[in-house]
Amino acid sequence: MTKKVAIIGAGLAGLSAGIYLQKSGIETEIFELAPWAGGVCTSWERQGYRFDGCIHWMVGTKPGTDFYELYREVGALAADTVIYDAESIKQEINGITYEIPLRMPQFREYLHSLSAADTQRIDRFCDDVDAMVNSKMPAKNPANLSELLKMMRESKGFIKVMPKYIKMKVADFVEPFQSQVIKRIILSLMPAKFSMSALMMMLGTRMSGNAGYPLGGSQEVMHRIETNYRELGGKIHFNSKVDKIVIEAGKVTGIQTKGEFFPADFVIAAGDAHDALTNLLGDRYVHPQLNEMLKSAPLFSSLALISFGLNQQFGIPFSTSYEIPEGLEVAPEKITHGFSLRSFDFDPSAAPAGCSSVMVSLSAPLEYWNELRTRDMVEYKKQKQVLADRVADAIEKRIPGFKKAIQVTDVATPATYVHLVNLYQGSFEGFLPTPKTLTTTFRKTIPGLQNLVMCGQWLTAGGGICSAIQSGKEAAELSLRMLK
Ligand SMILES: Cc1cc2nc3c(=O)[nH]c(=O)nc-3n(C[C@H](O)[C@H](O)[C@H](O)COP(=O)(O)OP(=O)(O)OC[C@H]3O[C@@H](n4cnc5c(N)ncnc54)[C@H](O)[C@@H]3O)c2cc1C
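What you are looking at is a predicted structure, and each value in this text was computed from that prediction instead of being measured.

Here the focus is the overall build of the chain. Counting its secondary structure elements, the chain contains 17 helices and 22 strands. Oriented by its inertia axes, the alpha-carbon framework of the chain measures out at about 65 × 60 × 45 Å. Here the contacts in the chain between residues at least 6 apart in sequence split such that 70% fall between residues at least 24 apart.

On to the sheet that holds strand β10 (residues 235-237). Across the sheet, which stays open at both edges, the five strands sit in the order β10-β2-β1-β14-β22 with parallel pairing between neighbours. Each edge of the open sheet is held by one strand with a lone partner, namely β10 and β22 (452-454). With strand direction ignored, the average angle separating the axes of adjacent strands in the sheet is 20°. Note: strand β1 (residues 4-8) against strand β14 (residues 266-269), four bridges, orientation parallel.

Right, let's get into the pairing of strand β12 (residues 251-257). Relative to β12, strand β11 (residues 242-248) runs antiparallel, the two sharing six bridges. Looking at the pairing, Lys244 lines up with Gln256 of β12. Sheet topology note: the β12/strand β13 (residues 260-263) ladder contains four bridges and is antiparallel. Paired with Gly254 across the strands is Pro263, a residue of β13. Connecting β12 to the antiparallel partner β13 that follows it, the hairpin turn spans two residues, and Lys258 within it adopts a positive phi of roughly 45°.

Counting buried residues along β1, four of its five residues qualify, which places the element largely inside the surrounding structure. Bridge count for β1 against strand β2 (residues 27-31) is five bridges, and the pairing is parallel. Note that in β2 the partner of Val5 across the bridge is Thr28.

Splitting the chain by domain gives domain 1 (4-41 + 57-63 + 70-76 + 216-297 + 433-483), domain 2 (86-208) and domain 3 (303-421). Computed over C-alpha atoms only, the centres of domain 2 and domain 3 are separated by 30 Å. Each partner contributes residues to the interface: domain 2 has six residues there, and domain 3 has seven residues. A total of four residues in the side of domain 2 that touches domain 3 trace back to one element, the largest contributor, which is strand β7 (residues 88-93). When its residues are assigned to classes, the side of domain 2 that touches domain 3 shows two nonpolar, two polar and two charged.

Moving on to the environment of Leu111. The topology assignment puts Leu111 in helix α3 (residues 106-114). For Leu111, a count of 24 C-beta atoms within 10 Å gives the class buried. Taking the C-alpha atoms as reference, Leu111 lies 33 Å from Pro348; in sequence the two are 237 residues apart. For Leu111, the contacting residues outside a window of four places in its chain are Ile122 and Ile182.

Surrounding the ligand, one finds 38 residues, the nearest of these being Gly9, Gly11, Gly39, Gly271 and Gly456. Listing elements by their share of the shell around the ligand, those giving two or more residues are α1 (12-23) and α17 (465-483). Sort the elements by how many residues they give to the shell around the ligand and α1 lands first, with three residues. Among the residues making up the shell around the ligand, the classes are represented as 21 nonpolar, twelve polar and five charged.

Let's shift gears to the sheet that holds strand β6 (residues 83-84). Reading across the sheet, the three strands line up as β5-β9-β6 and stay open at both edges, with antiparallel pairing between neighbours. For this open sheet the edge positions go to β5 (58-59) and β6, each flanked by a neighbour on one side alone. For β6 and strand β9 (residues 211-214), the ladder comprises two bridges, and the chain directions are antiparallel. Within β9, the position partnered with Tyr84 by the bridge is Tyr213.

Within the largest apolar cluster, 131 residues are counted, with the highest numbers of intra-cluster contacts made by Ile8, Ala17, Met200, Val267, Ile268, Ala304 and Cys455. Ignoring any residue separated from it by four or fewer positions in sequence, one finds Val267 in contact with Ala6, Ile8, Ile245, Val252, Ile255, Asn451 and Leu452.

The description of two helices packed together rests on the angle between their axes and the distance between the axes. Close contact between helix α13 (residues 366-375) and helix α15 (residues 414-421) brings their axes to 7 Å; oriented N to C, the two are set at 65°. Of the two elements, α13 crosses α15, and the hand of that crossing is right-handed. In this structure, α13 uses Leu366, Trp369, Asn370 and Arg373 to contact α15, whose residues at the interface are Pro414, Ala415, Val418 and His419. Among the residues forming the contact of α13 with α15, the class breakdown is five nonpolar, two polar and one charged.

Omega for the bond connecting Met104 with Pro105 falls within 30 degrees of zero, at 5°, which places this linkage in the cis form. Position of Pro105 relative to the elements: it lies in the loop between β8 (96-101) and α3. Its identity as a non-glycine residue notwithstanding, Asn94 has a phi of 50°, on the positive side. Tracing the sequence through the fold places Asn94 in the loop between β7 and β8. The backbone of Lys258 shows a phi angle near 45°, a positive value even though the residue is not glycine. By the element assignment, Lys258 lies in the loop between β12 and β13.

Let us look at the packing of helix α2 (residues 66-74) against α17. At a minimum axis separation of 11 Å, α2 and α17 run at an interaxial angle of 65°. By the angle between their directions, the pair α2 and α17 is classed as roughly perpendicular. Where α2 crosses over α17, the two elements pack in a sense that is left-handed. Seen from α2, the contacting residues are Phe67, Leu70 and Val74; seen from α17, they are Cys466, Ile469, Gln470 and Lys473.

This brings us to the environment of Tyr322. Summarising the element assignment, Tyr322 is placed in strand β16 (residues 320-322). Sequence spacing of Tyr322 and Arg153 is 169 residues, and the spatial spacing of their C-alpha atoms is 41 Å. Residue contacts for Tyr322: discarding those within four places in its chain leaves Glu92, Gly338, Phe339, Leu341 and Arg398.

What counts and how
- Along each chain, the written sequence defines residue order, and numbers are assigned to residues from 1.
- Owing to the predicted nature of the model, reporting of local features is limited to residues with pLDDT of at least 70; listing and counting of side-chain atom pairs is limited to 80 or more, with chain, interface and lining totals taken over all residues.
- Secondary structure elements follow DSSP: runs of H or I of four or more residues count as helices, runs of E of two or more count as strands, with numbering from the N terminus.
- We call two residues in contact whenever the C-beta atoms placed from their backbones are within 7 Å.
- Note on pairing: DSSP must find at least two bridges between two strands before they are called paired.
- Only the stretch in contact is used when a helix axis is fitted, and all axes are lines through C-alpha atoms; the angle between N-to-C directions ranges over 0 to 180 degrees.
- To sort residues by exposure, count the other C-beta atoms lying within 10 Å of each residue's C-beta; 20 or more gives buried, 12 or fewer gives exposed, and values between give partly exposed, all with C-beta atoms placed from the backbone.
- As used throughout, domain bounds are those supplied by an automatic or database domain assignment.
- Three classes are used, and their members are as follows: Ala, Val, Leu, Ile, Met, Phe, Trp, Tyr, Cys and Pro are nonpolar, Asp, Glu, Lys and Arg are charged, and the others, Gly among them, are polar.
- Each residue gets a C-beta atom placed from its backbone. If that atom is within 6 Å of a molecule or strand, the residue is near it.
- To define a nonpolar core, we join buried Ala, Val, Leu, Ile, Met, Phe, Trp, Tyr and Cys residues through C-beta atoms within 7 Å and take the resulting set.
- Note on convention: near helix rotated counterclockwise from far helix by under a right angle means a left-handed crossing. Clockwise means right-handed.
- Note that the term roughly parallel is reserved for angles under 35 degrees, roughly antiparallel for angles over 145, roughly perpendicular for angles of 65 to 115, and oblique for everything else.

In structure tokens, the structure reads:
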């Protein structure tokens, strides 16, 4: 008889697990609490403007790389998907805008032009970035000796550079630089407490044209994956929050949603890890890494995304980070650490012709927005508009005419993420990629519990699209072995 697997969550990880299982002849059903598939990898349309709430850079967009093959297998990218690769990003430092090239040798030359006192340090840094640029990023462990030898040949730069940086914080790396501007530029590319390996990976993949933006954005990526899953025979139950993972004598026997029991030979928990351990398993089992990390490891902060549809284009580039020395009130506090503005003008499908859809992301406190949303929906909506107005005022000071061009405004708060996709602490990518989290290997199973595998962004520090899809694939492979 065909085996049946129930999957919790129709995000990238859950759909990817479902695709590989369907391909292997296993019957799967996905239970998703939201009315759509995609989880945090999503876009939304407002009056002809599309706002992409996810993709900034998608590692693995270069044909011939391991992640590109993975994307083609699940359908995340089609053979004709056009990839946009920004050549630079902008960063405001002490009132001056720096345009940082995302190409070699321009990046090296740019850093040299900023500081003669750091020549040797810049060269050592850029030599390592160059080694990453000229190396393949391995997506999986080699299965045999010949694959291992191939990986060592193709991923030489990666293998050499990553161990050198994985235990080093970005803050420690920038410390010896003489130039304050270079320090600020590096810290704008990757925050101080992240592992330097995250920065090397980001620069290596972006500079080699392997971390671009697929036109059509998250919406098209998700549409292709969901279509692929359905065409393989998979079923998705939307508006179906799983309340419980049902267990008999240490074995998972199915899931319960809306009070109804769905039997399954195996369950893949591809939703939120904290929800799975605490609510769905009732804190009865201990995951050796997750339980500890959920208590103590730093998480990506909760975000507010403020989007505007503009009736004209202002030439706003792919990404600009602004300072706000005057401060910006993001209730209940005033933030001074700046904000990032991105436009989707490079993607004609993101706005009506001649118009522009732009988005600002800001860290915002979860407690405030959650409490307000629960207590007073009218006031919550009012405060969202207040926030959008303040952000528009701040942009107007930098881009005159911006406010007059606004046709559509949309605000997603941290409460939106918790409410719509059950995201723990509203943390948009799970654990920060610090030296400690990046050197932790997360088990996919839970000791003492059979027939359950976990996957998704919480099982790989740093999260991200490629990690979520890869972890879904690995969960499917593990389930297949266990189902035999
Ligand atoms: C603003 C933002 C920007 C980002 N930028 C990038 C980027 O540029 N590059 C990049 O690589 N990554 C980026 N990411 C991260 C990336 O989108 C995620 O890491 C990835 O999509 C996570 O996929 P997932 O399937 O693991 O989790 P999720 O997307 O969280 O999917 C889990 C699914 O499970 C469902 N679920 C949860 N609990 C239950 C339950 N009890 N019952 C039923 N269903 C449940 C949720 O509704 C959700 O659909 C970004 C994310 C955000 C929010």
